[in-house]
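Observations on the model geometry
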Amino acid sequence: MSTLEEHVDVGVPIDRAWDSLHRLENYPRFVEGVRDARTEAQDRARLDVETGGRAREVEAEVADRAGERVMEWQTTGAPDLAGSFSLQPIDQNHTRVQARLEYDPDTLRDAFGGPRGFAQANAIERLVRSDLEQFKEYVERGR
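A few points on the structure. (Residues numbered from 1 in each chain as written. Predicted model: local features only at pLDDT ≥ 70, side-chain atom pairs only at ≥ 80, totals over all residues. Heavy atoms only, no water.)

Regarding the packing of aromatic side chains
- The tally for this structure, following the rule as stated, stands at four aromatic pairs.
- Between Phe30 and Tyr138 the ring centres are 5.1 Å apart and the planes differ by 35°, which places this aromatic pair in the tilted class. Placement of Phe30 in the loop between helix H1 (14-21) and strand S2 (34-41) and of Tyr138 in helix H3 (residues 117-141) is noted, with a sequence separation of 108 residues between them.
- Considering the side-chain rings of Phe135 and Tyr138, the 6.5 Å spacing of their centres and the 40° angle between planes classify their relative orientation as tilted. One end of the pair is Phe135 and the other is Tyr138, both in helix H3 and three residues apart, which spans about a single turn.
- Given the relative accessible area of 2%, Phe135 is considered buried.
- A residue is classified by how much of its surface remains accessible, and Tyr138, at 2% relative accessible area, is buried.
- Linked through ring pairs, Tyr27, Phe30, Phe135 and Tyr138 together constitute an aromatic cluster. (Phe/Tyr/Trp six-rings, centres within 6.5 Å; stacked < 30°, edge-to-face > 60°. Helix = DSSP H or I, 4+ residues; strand = E, 2+ residues; numbered from the N terminus. Buried < 20%, exposed > 50% of the residue type's maximum accessible area, 1.4 Å probe, protein only.)

Let's talk about the nonpolar core
- Ranked by size, the top nonpolar core spans 32 residues in total, and within it Val10, Leu21, Tyr27, Val97 and Phe135 carry the most contacts.
- Only strand S1 (2-10), H1, S2, strand S3 (44-51), strand S6 (81-91), strand S7 (94-103) and H3 provide two or more residues apiece to this core.
- Tallying contributions element by element places H3 first for this core, with six residues. (Core = buried A, V, L, I, M, F, W, Y, C linked by side-chain atoms within 4.5 Å.)

Describing the pairing of strand S4 (residues 54-65)
- Bridging between S3 and S4 involves eight bridges; their strand directions are antiparallel. By the bridge assignment, Val49 is partnered in S4 with Arg56.
- The antiparallel pairing of S3 with S4 creates a hairpin that spans two residues between the two strands, and Gly52 there sits at a positive phi of about 60°.
- Where S4 lies against strand S5 (residues 70-75), six bridges are found, and the strand directions are antiparallel. From the neighbouring strand, Asp64 faces S5, where its bridge partner is Met71.
- If you look at the hairpin formed by S4 and S5, you'll find four residues sitting between the two strands, and Arg69 has a positive phi there, around 60°. (Pairing = 2+ DSSP bridges.)

So, the environment of Gly142
- Relative to the helices and strands, Gly142 is located in the segment after H3.
- Judged by its relative accessible area of 44%, Gly142 is partly exposed.
- Between the C-alpha atoms of Gly142 and Ser20, which are 122 residues apart in sequence, the distance is 9.2 Å.

Things to note about the sheet that holds S1
- What the seven strands build is an open sheet, ordered S1-S7-S6-S5-S4-S3-S2; its pairing is antiparallel. Two strands lie at the open edges of the sheet, namely S1 and S2, each paired on one side alone. Averaged over all adjacent pairs, the angle separating strand axes in this sheet is 20°, with direction ignored. (Axes fitted to C-alpha atoms, helices over the stretch in contact; angles between N-to-C directions.)

If you want it as structure tokens, here you go:
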């Protein structure tokens with residue numbers, strides 16, 4: 001299993017960043033490859049994802065530790081992925097958003113296609129960084 005951690009500082013209060021992360025229906029606006037996202041039940045999410053020319057449905061269980069401002073998720077089927085978002089206040093109007101992704105590179109390649117080895121790891125890092133930057137733009141624009 002590989003672990004990737006990235007973060008971005010956003011110019012909004014922690015409550016606004018937290019609320020934006022919980023609006024799954026808006027994930028297509030800032031998560032590359034997500035075509036549709038919705039909450040199925042209080043602790044389940046379904047995302048329609050297209051990447052590497054392949055479309056697939058991904059289900060995940062979501063758990064909040066709201067008091068700690070941590071949202072954890074785990075896919076319920078293939079591909080086997082897990083991760084979290086944690087938010088930390090920098091000051092009254094700025095928040096650090098930390099993303100953590102745990103994945104098996106071979107499983108991701110099999111599920112979504114793409115390069116092998118180091119090239120795939122670099123592609124995943126670029127994708128997560130890009131998604132965080134897109135989230136920053138999204139939340140700072142106040143949509």
